[in-house]
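Listed here are the chains, written in short residue letters.
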Amino acid sequence: GSLKLEYDELGIDYNISDEGLKKNHKKLARMYHPDMHSDKSEKERKIYEDKFKKINEAYEKIRKYRWI
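So, how was this worked out
- The numbers attached to residues start from 1 for each chain and follow its sequence in the written order.
- Residue-level local features of this predicted model are given only where pLDDT is at least 70; pairs of side-chain atoms are given and counted only at 80 or more, and the full residue set underlies all totals for whole chains, interfaces and linings.
- Working from all heavy atoms in the structure, the side-chain values ignore hydrogens and water.
- Secondary structure elements are defined from DSSP: runs of H or I of at least 4 residues count as helices, runs of E of at least 2 residues count as strands, and each element is numbered from the N terminus.
- Buried, partly exposed and exposed residues are distinguished by accessible area as a fraction of the type maximum, computed with a 1.4 Å probe on protein chains only: under 20%, between the cut-offs, and over 50%, respectively.
- A contact between two residues is defined here by any heavy atoms of the two lying within 4.5 Å.
- Aromatic pairs are defined between Phe, Tyr and Trp rings, using the six-membered ring for Trp, whenever the two ring centres lie within 6.5 Å; interplanar angles under 30 degrees are classed as stacked, those over 60 as edge-to-face, and all others as tilted.
- Criterion for a charge above a ring: Arg CZ or Lys NZ at most 6 Å from the ring centre, at most 35 degrees from the ring normal.
- For this analysis, a salt bridge means a side-chain nitrogen from Lys or Arg found within 4 Å of a carboxyl oxygen belonging to Asp or Glu.
- Among buried residues, those of type Ala, Val, Leu, Ile, Met, Phe, Trp, Tyr and Cys that are joined through side-chain atoms within 4.5 Å constitute a nonpolar core.

Asker: Run through the side chain of H25, naming residues and quoting values.
Answerer: Position of H25 relative to the elements: it lies in helix α2 (residues 18-32). What makes H25 buried here is its relative accessible area of 14%. Residue contacts for H25: discarding those within four places in its chain leaves I55, N56 and Y59.

Asker: Can you lay out the packing of aromatic side chains for me, pointing to particular residues and giving the numbers?
Answerer: To describe a pair of aromatic rings, you give the distance between the ring centres and the angle between the ring planes. Across all of its chains, the model carries 1 aromatic pair by this definition. Note on Y32 and Y48: the rings are 5.9 Å apart at their centroids and 40° apart in plane angle, and the pair reads as tilted. You can see Y32 sitting in helix α2 and its partner Y48 sitting in helix α3 (residues 42-66), a full 16 residues away along the chain. Here Y48 falls in the partly exposed class, since its relative accessible area comes to 22%. Over the ring of Y32 we find K51, and its NZ or CZ is 5.8 Å from the ring centre.

Asker: Go over the pattern of salt bridges, please, and point to the residues and values.
Answerer: Scanning the model with the defined rule gives 7 salt bridges in all. Notably, a salt bridge pairs E6 with K61, separated by 3.2 Å at the nearest N-O pair. Here E6 is found in helix α1 (residues 4-10), whereas its partner K61 is found in helix α3, with 55 residues between them in sequence. Classification of E6 as buried rests on a relative accessible area of 12%. Overall, the relative accessible area of 48% leaves K61 in the partly exposed class. Across the salt bridge formed by K51 and E9, the nearest N and O atoms sit 2.8 Å from each other. Here the residue K51 occupies a position in helix α3, and E9 occupies one in helix α1, the gap between them amounting to 42 residues. With relative accessibility at 25%, the residue K51 sits in the partly exposed group. Accessibility expressed as a relative area gives 23% for E9, which makes it partly exposed.

Asker: Explain the nonpolar core residue by residue, including any values.
Answerer: One recurring pattern in soluble globular proteins is that nonpolar side chains are buried together. L3, Y7, L10, I12, L21, L28, I55, A58, Y59 and I62 together form the largest nonpolar core, which totals 10 residues. Those elements that place two or more of their residues in this core are α1, α2 and α3. With 4 residues, α3 is the single largest residue contributor to this core. Setting aside chain neighbours within four positions, we find L28 in contact with L10 and I55.

Next comes the structure, spelled out in structure tokens:
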């Protein structure tokens, strides 16, 4: 199967290096981590939480596919 949706979710190109993939994930995870938005409204926190989950799911699928 294609991982296009996962790469799009992370905003990266499929040619990215494994190291680049890890750095990108770390940056996005920190940006969207629910703990970083505890001062926001419950509705806003839910948006960040959902994005955080999608980022992690996409990263895991790519990571498993690449064997890293």
